Amino acid sequence: MRAAVMRDWQLRVDDLPDPTPGPGQVLTKVLACGICGSDLHMLVHGEESRKLSEELTGGAEPDPMAPKMFDPHQDTVMGHEFCCEVVELGPGCENLKVGDVVVSMPVNFDATGLHPLGYSNVYNGGYAELMVLNELLGIKVPTGLPANLAALTEPLAVGVHAVVKSRIAGGESAIVLGCGPVGLACIAELRMRGIGPIVAADFSPKRRQLAEQLGADVVVDPRETPAIDAWRKIDGMRQLVIFEAVGVPGMIEQAMRMAPKDARILVVGACMQEDRIHPMLGIGRELNLQFVLGYAPDEFAGALTAIADGKVDLAPWLTGTVDVDGVPQAFTDLGNPEAHAKILVVPGSS
């Protein structure tokens, strides 16, 4: 099969052996797989992030339930936002059949443990023509929902989880810093919950437009209007939750500096570098700082249902498609926010 392969923090496209499903697993054909910003960050900052993980776990007994870490010096096929069609059943499969279109949380399990799909040397992710999934984790895509929209289940679930963790409720308001895919997912979920006003901030005119389409009440270029000033102009009184969805050093500090007393700050941007803050900013204003990661199974399933039921229209989010051979160039193209928000890998699309 054709696959985009990461090794030593570099991408190449190569031919790999077709995977084989084991007991309770299915072989699937990848119909669409979104390119995630965390994959872009992984190529640039993965070594630093990995060293921190090794430092935190060094000398400790390995947790048998912890996902297996990948070796960056061996082949890794990324891609964790996928929609696939079942083409072969492994031994013991009873819940899916050949031809079913499915999405799945990006994890595989077998007798050796848990393997995060997209960050595993054992199971490849969705930047490939084929991949193996656990049958029990596969969720059938409702009839009529296009694969390109079903593939957005995973990134939408990230926003769903962040909003759940924020404990935001009716009568409260939100600021979203950064309107990349994660920030847009937060905006979409906030709007579905009836939260408002929602103020969104991003340097990119294209991303600000997308934020409006997904439900932001006010969008600002922070170089011209600070997000907190826009919030004070249209509200300024309700309890405020700030979603930091940029994920670069300095953004947590910025969020803390703008936050009013008793505000909650949700850190959902995946910063893989060391950062610094002034604790007295949080102490003086009694801020609540919450970090979030991933999603729960019910949040993932709920995201698919929301897309299928038309509660949210994520079509504007999709700005391009490439086949597997186009993945390295797509990583470069995603550096231009005016050109792209979400590029899908669609094997065989060229």
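See the structure above.
Residues numbered from 1 in each chain as written. Predicted model: local features only at pLDDT ≥ 70, side-chain atom pairs only at ≥ 80, totals over all residues. Heavy atoms only, no water.

Re unusual backbone geometry
Then, number 1: Geometrically, the link from Gly196 to Pro197 is a cis peptide bond, its omega value of 0° lying close to zero.
Then, number 2: Structurally, Pro197 can be placed in the loop between helix H4 (181–192) and strand E11 (198–201).
Then, number 3: In this model, Asp8 sits at a positive phi of 55°, which is unusual for a non-glycine residue.
Then, number 4: Position of Asp8 relative to the elements: it lies in the loop between strand E1 (2–7) and strand E2 (10–15).
Then, number 5: Note on Asp8: relative accessible area 38%, which makes it partly exposed. (Helix = DSSP H or I, 4+ residues; strand = E, 2+ residues; numbered from the N terminus. Buried < 20%, exposed > 50% of the residue type's maximum accessible area, 1.4 Å probe, protein only.)

Some thoughts on the packing of aromatic side chains
Then, number 1: Within the structure shown, the criterion is met by 4 aromatic pairs.
Then, number 2: Here Tyr127 and Phe331 contribute two aromatic rings whose centre-to-centre distance is 6.1 Å and whose plane-to-plane angle is 85°, an arrangement assigned as edge-to-face. Here Tyr127 is found in the loop between strand E7 (113–116) and strand E8 (130–134), whereas its partner Phe331 is found in helix H10 (residues 327–333), with 204 residues between them in sequence.
Then, number 3: Look at Phe331 and you get buried, because its relative accessible area is 10%.
Then, number 4: Here Tyr295 and Phe300 contribute two aromatic rings whose centre-to-centre distance is 5.6 Å and whose plane-to-plane angle is 40°, an arrangement assigned as tilted. Across the pair, exposure class does not vary: Tyr295 and Phe300 are buried alike.
Then, number 5: An aromatic cluster of three or more residues is present, and its members are Trp9, Phe70 and Tyr119. (Phe/Tyr/Trp six-rings, centres within 6.5 Å; stacked < 30°, edge-to-face > 60°.)

With respect to the packing of helix H3 (residues 153–166) against H4
Then, number 1: Following both chains from N to C, one finds H3 and H4 inclined at 60°, their axes separated by 7 Å at the closest point. What the angle tells us is that H3 and H4 run oblique. Our pair here, H3 against H4, has a crossing hand that is right-handed. For the pair formed by H3 and H4, the contact residues are Pro155, Leu156, Val158, Gly159, Val160, Ala162 and Val163 on the first element and Val182, Ala185, Cys186, Ala188, Glu189, Leu190 and Met192 on the second. (Axes fitted to C-alpha atoms, helices over the stretch in contact; angles between N-to-C directions. Parallel < 35°, antiparallel > 145°, perpendicular 65-115°, else oblique. Left-handed = near helix turned anticlockwise from the far one by under 90°. Contact = heavy atoms within 4.5 Å.)

Considerations on helix H9 (residues 297–308)
Each α-helix winds once per 3.6 residues, and so residues spaced three or four apart point in a common direction.
Then, number 1: Compared with an ideal rise of 1.5 Å per residue, which puts 12 residues at 16 Å, H9 spans 17 Å between its outermost C-alpha atoms and is within 8% of the ideal.
Then, number 2: Among all positions in H9, only Glu299, Phe300, Ala303, Leu304, Ala306 and Ile307 are buried. End-on view of H9: buried residues confined to an arc of 160°, all on one side of the axis. Turned more than 90 degrees away from the buried face of H9 sit Pro297 and Asp298, all of them exposed.
Then, number 3: In this structure, the buried residues of H9 make contact with strand E5 (101–104), strand E9 (138–140), helix H2 (147–150), H3 and H4.
Then, number 4: Positioned one or two residues after H9, Gly310 has a phi angle of 75°, which is positive. (Expected span 1.5 Å × (residues − 1). Arc of directions from axis to C-beta.)

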